[in-house]
Structure formats: C-alpha cells, structure tokens
Amino acid sequence: TDSFFNEALFADLYTEALAEPSVQYTAEQALVDIRLIRQEFLRNTDTRIEYYLAQLNDGAAWSTTNYEYTAPAPGTYNYSVGITASDWITPGDLAEYELILYKDSGGVITNINQSTAQLTVSGAINLQVTSSVSLLAGDKLYAVFTTDAFANNPNASGGFFKITSSPTAILVADLMKY
C-alpha cells in the first residue's frame, strides 16, 4: 500500500516541468488523404499504386517514396482507398482488374481487402475499398493495382488513399523531462 508510486512526489516527477502535461495525442495526428493524379500500369502485373499528392499527412505517416502508410500507434484504423482508370479492350476479350489493400506487419504480408472489376469493352474502371483494420505500431498499409493478360496497359486518371480515423495512444516521450 505504501509505495513511492502512490506519493505526490512521483506524480510530479514527470509533469512538473511540462506546461500542460498530457498522456494522449489526438487521432488527427495519424490521418492522411493522399491523391493519385496519373499512373500507367502494364498488363498482367501487380503494381503498387503511387499515391503521392498529399492533401493531409498528419504525423508524416504517409511515405511518398514507398507509397505506404505506417501506423504510429496500435489500434483500429478506418480507411478508404480508391482508383479510377481506363483501358482499351480488344472486342471479345474479358479483362479483369483488382485493387488490393495489403498490410505489412514486420514482413508478414496480408491481403486485408480487395475490389474487382471486369471490362468487355473499352471503358472506365472504378474500384474502392472502405473498412477498418487493426494495426500495431509500425505496421504498413499499401495498395496494389492488378491487371490480367487481357488488359491493355490501363491508365489511372485519379485515386485516393485515406485514413479517416486512427486510435488515441500514449506518447511516452511527451511525459519525459529532458
């Protein structure tokens, strides 16, 4: 019952020099809204989508070099990922396209969501996945666009990668005096 951790001195130990001590940071620090303007894809390939135009990148969670989101804290993240592309299809063929969202958890890659579209004539491809995923700090999310052998090098004309909510977490560094 009598413990140093229960004494007022311990309570002041980490907070006395901080103007406004707080153990949490807001979820907004991990929100992103990254856009894709244009990207060409080759037929019969899996290609990482190069979302690069940052509309919102709180906490620098999005890498415009690796085109991936890194979770800063463990918890549940809500996401919405989409791509708009067009392709010319040889009459009589059936081309298939997929948007796949992957999670990289320390080198273990998992398909967490996907959307598929088919074209029998030239036209637009609109794919989107929206849901939530449980991540650990350091887990990464990235999107891949997949085409089959009947595709004809589709061109993306737009797209987005959004994290719309993220967890609140304890940021221990803010509690330490230097």
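For clarity, every value in this text was computed on a predicted model and none was experimentally measured.

Enquirer: Help me understand the overall build of the protein in this model?
Expert: Broken down by element type, the protein carries one helix and 14 strands. Going through the 178 residues of the protein one by one, you find that 37% of them count as buried. In the protein, the proportion of contacts linking residues at least 24 apart, taken out of those at least 6 apart, comes to 74%. Per element, the accessible surface of the protein, about 9700 Å² overall, is 51% carbon and sulfur.

Enquirer: Sorry, what's going on with the nonpolar core here?
Expert: Taken as a class, soluble globular proteins show a tendency for nonpolar side chains to be buried jointly. Membership of the largest hydrophobic core comes to 38 residues, with the highest contact counts inside it found for Tyr51, Tyr69, Ile83 and Phe161. Within the residue set of this core, elements represented by two or more residues are strand 2 (32-36), strand 8 (75-87), strand 9 (95-105), strand 10 (108-119), strand 11 (123-135), strand 12 (140-147) and strand 13 (155-165). Setting aside its immediate chain neighbours within four residues, Ile83 contacts Leu36, Phe41, Ile49, Tyr51, Leu99, Ile125, Asn126, Leu127, Phe145, Ala156, Gly158 and Gly159.

Enquirer: Quick question: what am I supposed to make of a nonpolar patch on the surface here?
Expert: Together, Ile37, Tyr52 and Leu53 line one region of the surface with nonpolar side chains, adding up to about 250 Å² of accessible area. For Ile37, a relative accessible area of 41% gives the class partly exposed.

Enquirer: Would you explain the side chain of Ser115 in this entry?
Expert: As for its position among the elements, Ser115 is in strand 10. What makes Ser115 buried here is its relative accessible area of 16%. With residues up to four places along the chain from it excluded, the contact list for Ser115 reads Tyr97, Glu98, Leu99, Leu127, Gln128 and Val129.

Thresholds, definitions, all that
- Residues numbered from 1 in each chain as written.
- Predicted model: local features only at pLDDT ≥ 70, side-chain atom pairs only at ≥ 80, totals over all residues.
- Heavy atoms only, no water.
- Helix = DSSP H or I, 4+ residues; strand = E, 2+ residues; numbered from the N terminus.
- Buried < 20%, exposed > 50% of the residue type's maximum accessible area, 1.4 Å probe, protein only.
- Contact = heavy atoms within 4.5 Å.
- Areas by Shrake-Rupley, 256 points an atom, 1.4 Å probe, with all protein chains shown as cover.
- Core = buried A, V, L, I, M, F, W, Y, C linked by side-chain atoms within 4.5 Å.
- Patch = residues over 30% accessible without salt bridge, like charges linked within 9 Å, V, L, I, M, F, W, Y side chains within 5 Å.
- Salt bridge = Lys/Arg side-chain N within 4 Å of Asp/Glu carboxyl O.

Any functional reading would require information that these geometric values do not contain.
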